[in-house]
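# Working through the structure, step by step
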Amino acid sequence: MLASQMQLLLPSPFCNQTYFFSSSCSRPSLRTTVTTFPSYRLRVSNSVNSSSSSSRSSVKEEPIEDEKQKQDQPRRAYPFHEIEPHWQRYWEENHTFITPDEIDFSKPKFYILDMFPYPSGAGLHVGHPLGYTATDILARYKRMQGFNVLHPMGWDAFGLPAEQYAIETGTHPKVTTMKNIGRFRSQLKSLGFSYDWEREISTTEPEYYKWTQWIFLQLFKKGLAYQAEVPVNWCPALGTVLANEEVVNGVSERGGHPVIRKPMRQWMLKITAYADRLLKDLDDLDWPENVKEMQRNWIGRSEGAEIYFCVLDNDGHEQDIKLTVYTTRPDTIFGATYLVVAPEHVLLSSLITADQRKSVEEYKELASRKSDFERTELQKEKTGVFSGSYARNPANGEAIPIWVADYVLGSYGTGAIMAVPAHDSRDHEFALKYDIQVRQVVIPEDESQSNSVKSYSGEGLLVNSSNLVSGLNINGLRIMEAASKVIDWAESTGHGKSKVNFKLRDWLFARQRYWGEPFPVIFLNGTGEIVPLPESDLPISLPELDDFTPTGTGEPPLAKAVSWVKTTDPISGKPATRETNTMPQWAGSCWYYLRFMDPKNSVALVDKRKEMYWGPVDVYVGGAEHSVLHLLYARFWHKVLYDIGVVSTKEPFQCLINQGIILGEVEYRTCRDSEGKLVSADSADVLGEQHQERVPEEKVMKSGDFFVLKDDPSIRLIARAHKMSKSRGNVINPDDVVSEYGADSLRLYEMFMGPFRDSKTWSTSCIEGVHRFLGRVWRLIVGAPLPNGSFKDGTVATNDEPSLEQLRCLHKCIEKVTEEIEGTRFNTGISAMMEFINAAYKANPEYLKDSKVVLPVQINGKTRGTIQVEEECSEEDAFKIASLDVKLSKYLIGKTIKKRIYVPGKILNVILDRQNVEVGRR
């Protein structure tokens, strides 16, 4: 019973005592099959859940091990080392979890998907099974409900790590990638996940990236893919452009190499064309609100105005050059006392005066070494340099200086701003540093909020904001009204226009790498005209290369494949050159969820009928680190595919759930002062790790809310769990856990660690507790192990129907768990998962009723006591219970019963022979 309840809540794939549910049954039937290992024959009942009829076949008898083998084996709480491999073989041989390609469209569907992993050489870590176990639970539940379940797995296998390893070792990236995939696949299978391995895909296979290239061609035809000269993060050492998130503190995340900003001609995808739709459609998604808010902020829609400032010559006359600035606060135009342009602004060279050229060029060089994040970080000190030029403020006619500063990005807005230091904190800090005028033009209606020392960005009334020459007067107006009036004035006078802007930039879609998808385009020699290749030529496969090192010239490694690069236009026959950049790793992961629906299709990306059935993904589970970029890019591609009729839904993932990070075990550290003496952590001035020493757990004890040294309790320790990493030596390999405790122990432990979305700390002692629990479950059914560590011979198997008491016990357990779930506060994603579990497994009210009633018992019409009986209790059973009751039996022993009057659930009246009663009295 205990095992059944455990399996009900958190299915353990190798546990064989299970309550199986089917869509046609109103209540579960008990089918207990316990196969004991390793010293006896195996027997499998027909209760194994399967999506194929072949899974109901029997397993052949296996040889019995001899006594010597038994003695050599380590003692285990239960024989998981035999159970788990057995069922893995069984599932593999019988195709238990395969989703048939021929779909029964009459059945409901459930598509549950894990964010597929990058198969690194390190293999899985214990953080991976957290999400995979949760999705496996849901997949198994839905199968039991009678759903068609799509639960696939694949590999996001292109990318920089494999290429860097190839450069370092001379091993072809494909060899490394296939080896890593094999390891990941083996590890996942050892954990018992119910994936449909027949649908396995890898983004590196030509059969797959043929359709990635096909999607690119559709983007190109719609004008959504184009080439442009843009500033990029260039890493000379890695020989490639890096995305912003791949640059940390001015160096590459991988390898720590210096990164510079420089203009390069790159492929871009016009994701900005879908900005409004990407923003609006978030409202209909069942995603965690914080993830939706992150995407809203990344898209960054704002309403404002573009204002034109005429650049002045040395004599103060207006030139034909105009600087266009974007502002969300046009109401503050009278407070604009200087302009700022980004170091990469296209007009900068024409703004620099001769005496300022050297300073500006040096500043541009320094700015090129910073990432966009570093440049816009609010806490950093603002820096800049004067261009030497001035522009005219159209609102008041003043000549104001034009500065160059890296806190303005060329990729946002117009790459230039009007600086209003009285009402913007960054502008205020900059103006104070460089002694630029600060003019207040908004005052709070509540004078207590007025502060001349700091910038003020709140609500208020406009002051110092009128000019007879320009004809603009907004004094006394509130912010919104004033902003609207300024826009109307700008549009009517030709000084500007209203503008909706987005922080979202077009997607830089090229990498100077070998290991990626080739672009399906060529360039005609001489003219440079871009020609898309015919779809019939796809896939454009990667050429074989022995040398993957950077060229040193900025050209990608593919440029070395000269015979591949030189080609001809298949339409005109003119000589042409192939594109030698490759697509970024994001490309293949943008649409993989669609290919899982129809992975073997050679004539279409996905069959329309299958897509209409399976789409969208019902539950998508993965790490929060993908909350913005991967999910935003996938949504963009999906909307393009929707527009051209490939998919039938506007969004790819209806429900999103983020799992938390599993941290390493808690580390205990002591602190030392500058003289090397131990000091308590609460009094240490320096807590850097160079002043700390790790303390073994056996030397630590708990003291109140803190941990201290056993030998010196006055020394409080630092107790902290860190993210698992090789450098810290705290990585837990799931292979080791499975070898020592079994996959069931690992899966069950990770589900019991804490709230799914929270970060959690690994504890080996806790997994030992879960393992002992499973051992107790096993012994409850099979019995205690024999002296040599094995279990008794024979197989315990029953196919009896459960008793009423068993069913009541089970359903009361379900009800209790449901109450606990409903009484707990979960985040959005977890709520969705829990609601599903509740729906799948609801307690049957039939077995929750308190069926026992208190039945009054009368002797000759006088109540002498009560008994507890079932509501449906028969007269005979009620009388038997009454006869055994201590209080009532004394009235019945030795008496002759004349008759019994019984009203079920109401009363039992026993009429005794009158003579016997009188004799009794005498």
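### Let's talk about the overall build of the protein chain
Each helix and strand counted, the protein chain has 27 helices and 42 strands in total. In the protein chain, which comprises 922 residues, the proportion classed as buried is 52%. In the protein chain, of all internal contacts separated by at least 6 residues, the share reaching a separation of at least 24 is 70%.

### Let's talk about the nonpolar core
Ranked by size, the top nonpolar core spans 140 residues in total, and within it Trp637 and Trp762 carry the most contacts. Counting residues in hydrophobic clusters, the runner-up holds 51 residues, among them Leu323, Leu351, Ile402 and Ala490.

### Some words on the side chain of Asp196
By the secondary structure assignment, Asp196 is in the loop between helix H6 (173–190) and strand E6 (201–202). Polar contacts involving the side chain of Asp196 include one to the side chain of Arg199, which spans 3.1 Å. Once residues lying within four places of it in the same chain are set aside, the contact partners of Asp196 are Phe97, Ile98, Thr99, His151 and Pro152.

### Details of the pairing of strand E17 (residues 416–419)
Here E17 shows no split at all, with Ala416 and Met418 on one side and Ile417 and Ala419 on the other all buried. As paired strands, strand E14 (residues 338–341) and E17 are joined by four bridges and run antiparallel to one another. The residue bridging Leu339 from the neighbouring strand is Met418, located in E17.

### Describing helix H13 (residues 425–433)
All of the buried residues along H13 are Asp427, His428, Phe430 and Ala431. Around the axis of H13, the buried residues are gathered within 165 degrees of arc, so they sit on the same side. Here the buried face of H13 lies against E14, strand E15 (384–392), strand E16 (399–405) and E17. Its side-chain oxygen at 3.0 Å from the backbone nitrogen of Arg426, Asp424 defines the N-terminal cap of H13. Just past H13, the residue Asp435 takes up positive phi, approximately 55 degrees.

### Considerations on the packing of aromatic side chains
Think of a pair of aromatic rings as described by two things: how far the centres are apart, and how the planes are tilted against each other in angle. Summed over the entire model, instances satisfying the criterion amount to 44 aromatic pairs. Each ring, one from Tyr78 and one from Trp778, has its centre 6.3 Å from the other, and the planes form 35 degrees; the classification is tilted. Here Tyr78 is found in the loop between helix H2 (67–72) and helix H3 (80–94), whereas its partner Trp778 is found in helix H22 (residues 764–782), with 700 residues between them in sequence. A residue is classified by how much of its surface remains accessible, and Tyr78, at 5% relative accessible area, is buried. When its relative accessible area of 10% is taken as the criterion, Trp778 is described as buried.

### What to know about unusual backbone geometry
Residue Pro539 is bonded to the preceding Leu538 through a cis peptide linkage, with omega at 0 degrees. When you line up the elements, Pro539 lands in the loop between strand E25 (530–532) and helix H15 (562–565). Here the amide bond leading from Gly615 into Pro616 is cis, since omega sits at -10 degrees, within 30 degrees of zero. Look at His95: it is not a glycine, yet its phi comes out positive at around 50 degrees. On the secondary structure map, His95 appears in the loop between H3 and strand E3 (109–114). Under the relative-accessibility criterion, His95 is labelled partly exposed at 39%. Here Asp435, not a glycine, exhibits a phi torsion of approximately 55 degrees, which is positive. With respect to the secondary-structure elements, Asp435 resides in the loop between H13 and strand E18 (442–443). Overall, Asp435 belongs to the exposed group, its relative accessible area being 72%.

### A short note on the environment of Leu807
With respect to the helices and strands, the residue Leu807 is situated in helix H23 (residues 804–822). A relative accessible area of 3% places Leu807 in the buried class. It is 9.3 Å that separates the C-alpha atoms of Leu807 and Leu848, two residues lying 41 residues apart in sequence.

### Some thoughts on the sheet that holds strand E26 (residues 566–568)
In spatial order, the strands read E25-E24-E27-E26; together these four strands make up an open sheet with antiparallel pairing. Taken across any chain shown, the strands that pair with only one partner, and hence form the sheet edges, are E25 and E26. Sheet twist, expressed as the mean angle between neighbouring strand axes with direction ignored, is 45 degrees. Where strand E24 (residues 521–524) meets strand E27 (residues 575–578), three bridges bridge the pair, whose relative direction is antiparallel. Considered in E27, the bridge of Leu524 is made with Ala576.

### Describing the packing of helix H20 (residues 734–741) against helix H21 (residues 743–752)
Two elements in contact, H20 and H21, have axes separated by 7 Å at closest approach and are oriented at 115 degrees. Only Ala743, Ser745 and Leu746 of H21 make contact with H20, whose side of the interface consists of Pro734, Val737, Val738 and Tyr741. Considering only residue class, the contact of H20 with H21 consists of six nonpolar, one polar and no charged.

### Overview of the sheet that holds strand E11 (residues 260–269)
Read from one edge of the open sheet, four strands run E8-E7-E11-E23, paired in antiparallel fashion. Sheet topology places strand E8 (240–242) and strand E23 (507–508) at the edges, where each strand pairs with a single neighbour. The sheet contact formed by strand E7 (residues 225–235) and E11 spans 10 bridges and is antiparallel. Looking at the pairing, Asn233 lines up with Arg261 of E11.

### Quick notes on the pairing of strand E41 (residues 897–903)
Regular strands place side chains that alternate from one sheet face to the opposite one. As paired strands, E41 and strand E42 (residues 907–912) are joined by six bridges and run antiparallel to one another. Directly across from Ile897, in E42, lies its bridge partner Leu912. If you look at the hairpin formed by E41 and E42, you'll find three residues sitting between the two strands, and Gly905 has a positive phi there, around 75 degrees.

### Overview of the pattern of salt bridges
Per the counting criterion, the structure on display carries 34 salt bridges. Between Lys221 and Glu535 there is a salt bridge; the shortest N-O distance is 2.9 Å. Separated by 314 residues along the polypeptide, Lys221 in helix H7 (residues 206–221) and Glu535 in the loop between E25 and H15 bring together distant segments of the chain. Overall, Lys221 belongs to the exposed group, its relative accessible area being 54%. Glu693 serves as the salt-bridge partner of Arg672, at 2.7 Å between the closest nitrogen and oxygen.

### Some words on the confidence of the model for the protein chain
Summarising the model, the protein chain shows a mean pLDDT of 84, and 84% of its residues fall at 70 or more. The low-confidence segment residues 824–834, where pLDDT is below 50, has 20 contacts with residues more than four positions distant or belonging to other chains. Confidence drops under pLDDT 50 across residues 918–922; counting only partners more than four residues distant or on other chains, this segment forms zero contacts.

### Overview of the environment of Pro532
One can find Pro532 in strand E25. The partly exposed category is assigned to Pro532, whose relative accessible area is 31%. Once the C-alpha coordinates of Pro532 and Leu217 are considered, the two residues, 315 residues apart in sequence, prove to be 6.8 Å apart. Excluding its chain neighbours within four sequence positions, the residues that come into contact with Pro532 are Leu217, Phe220, Pro520 and Val521.

The rules behind each value
The residue numbering used here restarts from 1 in each chain and proceeds along that chain's sequence as written. For a predicted model such as this one, the threshold for reporting local features is a pLDDT of at least 70, and the threshold for listing and counting side-chain atom pairs is 80 or more; totals across whole chains, interfaces and linings nevertheless cover every residue. Working from all heavy atoms in the structure, the side-chain values ignore hydrogens and water. Secondary structure is summarised from DSSP: a helix means a run of H or I of at least four residues, a strand means a run of E of at least two, and numbering begins at the N terminus for each. Throughout, exposure labels follow a simple rule: accessible area from a 1.4 Å probe, protein chains only, divided by the maximum for the residue type, with under 20% read as buried, over 50% as exposed, and the rest as partly exposed. Only heavy atoms enter the contact rule, under which two residues are in contact if any of them lie within 4.5 Å. Nonpolar core, defined: a set of buried Ala, Val, Leu, Ile, Met, Phe, Trp, Tyr and Cys residues in which side-chain atoms within 4.5 Å join the residues together. The term polar contact refers here to a pair of N or O atoms within 3.5 Å; inside protein, the definition further demands a hydrogen-donor-capable atom paired with an acceptor-capable atom, and it admits residues adjacent in sequence only when both atoms are side-chain atoms. Pairing between two strands is assigned when DSSP locates at least 2 bridges connecting them. Directions drawn from the helix axis to the C-beta atoms are what define this arc. Any two of the Phe, Tyr and Trp rings considered here, Trp counted by its six-membered ring, make a pair once their centres fall within 6.5 Å; the pair's planes then place it as stacked at under 30 degrees, edge-to-face at over 60, or tilted in between. What counts as an axis is a line fitted to C-alpha atoms, over the stretch in contact for a helix, and the angles between N-to-C directions run from 0 to 180 degrees. Gly is put with the polar residues, along with every residue not named as nonpolar or charged; the nonpolar set is Ala, Val, Leu, Ile, Met, Phe, Trp, Tyr, Cys and Pro, and the charged set is Asp, Glu, Lys and Arg. Every case where a carboxyl oxygen of Asp or Glu lies within 4 Å of a side-chain nitrogen of Lys or Arg is listed as a salt bridge. Each residue carries a pLDDT score, the predictor's own confidence in it, on a scale running from 0 to 100.

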